[in-house]
Amino acid sequence: MHPWLTAVRHDLVKRAVWPARDLRDTGGRDVAALRRGLLELLDAEGAPVGAEALFARMRADSPCPPAACDAFAGALKAAVGGLSEPWPRPLQAVLALEDAFADLVRSFPE
């Protein structure tokens with residue numbers, strides 16, 4: 001996997017998706033945990049940042065194909081927007097990041 005993709009997975013995707021998986025598996029409904037996974041991240045310098053802003057920063061100097069990055073950014077926007085909707089939409093929107101990341105990975109040349 002390209003190092004940039006590894007960083008996106010580590011710094012952003014797993015922080016959002018792991019709490020969502022836990023909630024799915026346990027039947028929990030903790031929107032605050034989903035919110036923390038998307039909105040309370042840290043950038044490379046350790047400063048607080050939300051997922052959309054973090055991805056925008058990571059994307060700036062990346063080899064990411066523009067259409068693929070746009071699609072992933074759209075999935076992030078949907079996940080953040082889903083946090084204010086009735087359950088189970090917040091959970092579904094965050095879990096959708098797994099598929100969006102898989103699409104992003106497939107967009108990179110081998």
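Heads up: the structure comes first, above all this text.
Here the structure is a predicted model, which is why all the values come from computation and not from measurement.

Novice: Tell me about the overall build of the protein, residues and numbers included.
Specialist: If you tally the helices and strands in the protein, you get five helices and two strands. The N-to-C order of helical and strand elements in the protein reads α-α-β-β-α-α-α. Relative to a compact globule of 110 residues, whose C-alpha radius of gyration would be 13 Å, the protein shows 13 Å and is just as compact. Total accessible area computed for the protein in this model is approximately 6,100 Å², and 54% of it derives from carbon and sulfur atoms. Side chains of the protein give 13 positive and 15 negative charges; the mean places of these two sets differ by 3 Å.

Novice: Hey, could you go over the packing of helix H1 (residues 3-26) against helix H5 (residues 89-107) for me, with residue numbers and the actual values?
Specialist: Running from N to C, H1 and H5 cross one another at 150°; their axes reach a closest spacing of 9 Å. When the axes of H1 and H5 are compared, the pair comes out roughly antiparallel. In terms of crossing hand, the pair formed by H1 and H5 is left-handed. Counting all contacts with H1, which are made through Trp4, Leu5, Val8, Arg9, Val13, Ala16, Val17, Ala20, Arg21, Leu23 and Arg24, the residues of H5 involved are Leu91, Val94, Leu95, Leu97, Glu98, Phe101, Leu104 and Val105. In terms of residue class, the contact of H1 with H5 is made up of 15 nonpolar, no polar and four charged.

Novice: So what's going on with unusual backbone geometry? Which residues, and what values?
Specialist: The bulk of non-glycine residues show a negative phi, and the bulk of peptide bonds are trans. In this model, tryptophan 87 is joined to proline 88 through a cis peptide bond whose omega is 15°. Looking at the element boundaries, proline 88 is found in the loop between helix H4 (66-82) and H5.

Novice: Talk me through the state of the cysteines; I want residue IDs and the actual numbers.
Specialist: This model, assessed by the stated rule, comprises one disulfide. Through a disulfide, cysteine 64 is tied to cysteine 69; the S-S separation comes to 2.0 Å. Disulfide cysteine 64-cysteine 69: torsion about the S-S bond near 135°, hence right-handed. Owing to a relative accessible area of 9%, cysteine 64 belongs among the buried residues under this scheme.

Cut-offs used in this document
- Residues numbered from 1 in each chain as written.
- Predicted model: local features only at pLDDT ≥ 70, side-chain atom pairs only at ≥ 80, totals over all residues.
- Heavy atoms only, no water.
- Helix = DSSP H or I, 4+ residues; strand = E, 2+ residues; numbered from the N terminus.
- Rg over C-alpha atoms; globule rule 2.2 N^0.38 Å.
- Areas by Shrake-Rupley, 256 points an atom, 1.4 Å probe, with all protein chains shown as cover.
- Lys, Arg positive; Asp, Glu negative; His and termini not counted.
- Charge placed at Lys NZ, Arg CZ, Asp CG, Glu CD.
- Axes fitted to C-alpha atoms, helices over the stretch in contact; angles between N-to-C directions.
- Parallel < 35°, antiparallel > 145°, perpendicular 65-115°, else oblique.
- Left-handed = near helix turned anticlockwise from the far one by under 90°.
- Contact = heavy atoms within 4.5 Å.
- Nonpolar A, V, L, I, M, F, W, Y, C, P; charged D, E, K, R; others polar.
- Disulfide = S-S within 2.5 Å.
- Buried < 20%, exposed > 50% of the residue type's maximum accessible area, 1.4 Å probe, protein only.

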